[in-house]
Amino acid sequence: MTDNWRAATKLVHGGTLRSPYGETSEAIYLTQGFVYDSSEAAEARFKGETEGYIYARYGSPTNDMFERRMCMLEGAEDARAMASGMAAVAAAILCQVKAGDHILAARALFGSCRWVIETLAPKYGVEFTLVDGRDLKNWEAGIRPNTKVLFLESPTNPTLEVVDIAGVAKLANQIGAKVVVDNVFATPLFQCPLELGAHVVVYSATKHIDGQGRCLGGVVLSSKEWIQENLQDYFRHTGPAMSPFNAWTLLKGLETLPLRVKQQTANASKIADFLADNSKIARVIYPGRADHPQADIVAKQMKGGSTLLALELKGGKQAAFALQNALQVIKISNNLGDAKSLITHPATTTHKNLTDEARAELGISPGTLRLSCGIEDADDLIEDLDKALQAITA
């Protein structure tokens, strides 16, 4: 029956476990450990001969509910809830490589993701190559005999480039490598990487899944086989587990995810059209517009646009700061996917640790801003932006 449920129904009812009390809202099991009826029962549990929980670092009923619901939404066999989005990214990549292996990644990545690949992995003897992910020829040219992982975001942070996931997966399958996709900007409602051939999907649940600025979280989703062979021991022994309280909060967030994303996306589309006609803006990048550089790929692999857009002001950093400082409704923050509209200057925040040359390669200029649209009235947001644009002096 649950296989036939649509996304919105899965996000309200999927994976729910109820105690004998029959609670309507999912219970929070705030416990570190679990007790056993006997010494023999404890031994059997640790041997894996009987099912049950051992320690909250390994799993708990509340975390299980969140993982099951995410699996239903994503079409994945198994998942592990992590303490943050970066815990999920690091685990998904590092659990399957060793010294002498090679990671091939798109260069357009969130700053911390690039640090894991460029700085952390090489400390343990893992090689890497970054390529312009927009062209499949670059992926093909970057593959080596020792390539084990291909990693990408799509759409990318912050300039919303789109990568052909199915094309990258086809190349990976030819050499037995695994494709890991950070699907945060698309949300699981607009893009299903596993259906497109990816092997692993990661989310910062801090973003749209919570969507209300309350807690951190991440999740890694894949096949049961991949998780058991690669992630399970890493997860158990390095301890990136999610708090049960956060898992409960994220379960509540999932219930309203479709409602929020629908409004956020409608707002983003309307705002992108408004900004595209303003003379103080050099360009607007939004996956829902026909002028998006990879509009053909967007149409092929995404069911909708995005809750985010990027804009570049002609006046550079001075104009970008002036606009941000003049906003009243939209708030300056480095988060995204929130019910509140948030604006970010990547060059001085999320991507500040990159060199000027690296930022230029990614299309991040001093005038680039990332706008995460919330659920406010679109006209109020447009009026706020209009007034802020008027505050920019030549």
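Here is a short report on the structure shown in this document.

What counts and how
Residues numbered from 1 in each chain as written. Predicted model: local features only at pLDDT ≥ 70, side-chain atom pairs only at ≥ 80, totals over all residues. Heavy atoms only, no water. Helix = DSSP H or I, 4+ residues; strand = E, 2+ residues; numbered from the N terminus. Rg over C-alpha atoms; globule rule 2.2 N^0.38 Å. Buried < 20%, exposed > 50% of the residue type's maximum accessible area, 1.4 Å probe, protein only. Pairing = 2+ DSSP bridges. Contact = heavy atoms within 4.5 Å. Axes fitted to C-alpha atoms, helices over the stretch in contact; angles between N-to-C directions. Left-handed = near helix turned anticlockwise from the far one by under 90°. Nonpolar A, V, L, I, M, F, W, Y, C, P; charged D, E, K, R; others polar. 1 Å grid on protein atoms, 1.4 Å probe; cavity = no way out; pocket = protein on both sides within 12 Å on 5 of 7 lines; lining within 4 Å. Points joined across faces, edges and corners; volume = space filled by probe spheres on them.

1. With respect to the overall build of the protein
Scanning the protein for helices and strands turns up 16 helices and twelve strands. Computed over the C-alpha atoms, the radius of gyration of the protein is 22 Å, within 12% of the 21 Å expected from 2.2 N^0.38 for a compact globule of 394 residues. Viewed in the frame of its principal axes, the protein has a C-alpha envelope of about 75 × 50 × 35 Å. Across the 394 residues in the protein, those meeting the buried criterion constitute 57%.

2. Brief notes about the sheet that holds strand β10 (residues 331-332)
Within the open sheet, the five strands sit side by side as β8-β9-β12-β11-β10. Their pairing is mixed. With partners counted over all chains shown, the strands left at the sheet margins are β8 (281-285) and β10, one partner each. On top of the sheet, helix α12 (residues 257-276) reaches β8, β9 (308-313) and β12 (368-372); it is set at about 15° to β9, its chief contact.

3. A closer look at the packing of helix α3 (residues 61-74) against helix α11 (residues 244-255)
Interhelical geometry of α3 versus α11 gives an angle of 35° and a closest axis separation of 8 Å. Crossing geometry of α3 relative to α11 is assigned as left-handed. Here T62, N63, M65, F66, R69 and M70 of α3 lie close against α11, whose contacting residues are P244, A247, W248, L250, L251, L254 and E255. A class-by-class count of the residues in the contact of α3 with α11 yields nine nonpolar, two polar and two charged.

4. A few points about empty space enclosed by the protein
Counted under the stated rule, the structure contains one cavity of 30 Å³ or more. For the largest cavity, the calculated volume is near 50 Å³. Lining the largest cavity are N183, V184, T187, P188, Y203, S204, K207, H208, I209 and L257. Ranked by residues supplied to the lining of the largest cavity, first place goes to helix α9 (residues 206-210) with three residues.

Everything listed is a geometric property; what it means functionally is a separate question.
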